[in-house]
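Listed below, chain by chain, are the residues.
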Amino acid sequence: MINKSFEINDYAINDSQINGFWMTLLDKETLTTEIIYSPDKDGSFNSAETKRMIHEITKKCDSFRSLMPENINCEVIFKDLDDLTYVADEGNFQVEYNEMDELRVVYRFHIEYYI
């Protein structure tokens with residue numbers, strides 16, 4: 001059972017703001033947190049800022065994973081990138097960095113049972 005979650009401040013990234021935050025307990029094994037990141041100023045993330053944001057989001061997922069018990073994994077689903085999924089601590093994440101108005105992501109925490 002998932003008995004730990006993170007606060008909205010744990011998801012914050014410098015030079016961005018959170019414009020949406022929804023936590024959903026899908027079942028006793030899966031908790032999702034949907035977040036919409038927007039630029040701190042009016043406008044959009046240029047390609048360099050998008051690259052930085054995606055790097056910070058994947059790094060945050062790795063950090064969350066390190067704080068959880070061994071059998072709970074973290075993934076990030078990038079909704080604006082055709083549901084491209086990053087799994088914590090797995091490198092080889094390939095993405096094209098474009099200008100984006102916002103980044104909609106879903107952090108997914110899932111218990112893995114070992115039989």
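Quick summary incoming for the structure in this document. (Residues numbered from 1 in each chain as written. Predicted model: local features only at pLDDT ≥ 70, side-chain atom pairs only at ≥ 80, totals over all residues. Heavy atoms only, no water.)

Some details on unusual backbone geometry
Thought 1: The backbone phi angle of D15 is positive, close to 60 degrees, even though this residue is not glycine.
Thought 2: Taking relative accessible area as the criterion, D15 reaches 52% and is therefore assigned exposed.
Thought 3: A positive phi is found at D83, a non-glycine position, where the angle reads about 60 degrees.
Thought 4: Mapping D83 onto the fold places it in the loop between β3 (72–78) and β4 (84–87). (Buried < 20%, exposed > 50% of the residue type's maximum accessible area, 1.4 Å probe, protein only. Helix = DSSP H or I, 4+ residues; strand = E, 2+ residues; numbered from the N terminus.)

A few points about a negative patch on the surface
Thought 1: Taken together, the side chains of D15, D40, E49, E99 and D101 define an acidic patch exposed on the protein surface.
Thought 2: Inspection of the secondary structure assignment puts D40 in the loop between β2 (30–39) and α1 (47–67). (Patch = residues over 30% accessible without salt bridge, like charges linked within 9 Å, V, L, I, M, F, W, Y side chains within 5 Å. Areas by Shrake-Rupley, 256 points an atom, 1.4 Å probe, with all protein chains shown as cover. Salt bridge = Lys/Arg side-chain N within 4 Å of Asp/Glu carboxyl O. Lys, Arg positive; Asp, Glu negative; His and termini not counted. Charge placed at Lys NZ, Arg CZ, Asp CG, Glu CD.)

Topic: the sheet that holds strand β1 (residues 16–27)
Strand pairs in the sheet, formed through backbone hydrogen bonds, run parallel or antiparallel to each other.
Thought 1: Across the sheet, which stays open at both edges, the five strands sit in the order β1-β2-β5-β3-β4 with antiparallel pairing between neighbours. Each edge of the open sheet carries a strand with a single partner, namely β1 and β4. Along the sheet, successive strands turn relative to each other by an average axial angle of 20 degrees, direction set aside.
Thought 2: Inspection of the sheet shows β1 paired to β2 by ten bridges, in the antiparallel sense. Its bridge partner being in β2, D27 is matched across the sheet by T30. (Pairing = 2+ DSSP bridges. Axes fitted to C-alpha atoms, helices over the stretch in contact; angles between N-to-C directions.)

Some points on α1
Thought 1: The end-to-end C-alpha distance of α1 is 30 Å, a good match for the 30 Å that 21 residues give at a rise of 1.5 Å each.
Thought 2: All of the buried residues along α1 are T50, M53, I54, I57, T58, K60, C61, F64 and R65. Each buried residue of α1 sits inside an arc of 150 degrees when the element is viewed along its axis, so together they form one side. Residues A48, S66 and L67 are exposed on α1 and point more than 90 degrees away from its buried face.
Thought 3: Buried positions along α1 lie against β1, β2, β3, β4 and β5 (103–111).
Thought 4: The N-cap of α1, judged by a side-chain oxygen 3.0 Å from the amide nitrogen of A48 a few residues on, is N46. (Expected span 1.5 Å × (residues − 1). Arc of directions from axis to C-beta. Contact = heavy atoms within 4.5 Å. Polar contact = N/O pair within 3.5 Å; in protein donor to acceptor, adjacent residues only side chain to side chain.)

As for the nonpolar core
Thought 1: Y37, I57, F78, Y107 and F109 are the most contacted members of the largest nonpolar core, which totals 28 residues.
Thought 2: Where this core is concerned, the elements lending two or more residues are β2, α1, β3 and β5. (Core = buried A, V, L, I, M, F, W, Y, C linked by side-chain atoms within 4.5 Å.)

Topic: the pattern of salt bridges
Thought 1: A complete count under the given rule lists four salt bridges for this structure.
Thought 2: Here R108 ties to E75 by a salt bridge, and the two come within 3.4 Å at their closest N and O atoms. Here R108, found in strand β5, pairs with E75, found in strand β3; they are 33 residues apart in sequence, far enough to count as distant.
Thought 3: The salt bridge involving R104 is made with D80; its shortest N-O contact spans 2.9 Å. Linking R104 in strand β5 with D80 in the loop between β3 and β4, this pair joins segments that are 24 residues apart in sequence.

Describing the environment of V95
Thought 1: With respect to the helices, strands and loops of the structure, V95 is situated in the loop between β4 and β5.
Thought 2: For V95 and L84, which are eleven residues apart along the polypeptide, the C-alpha to C-alpha distance reads 8.5 Å.
Thought 3: Discounting residues that sit within four places of it in the chain, V95 has contacts with I54, L81 and L84.

Geometric values such as these leave the question of function open.
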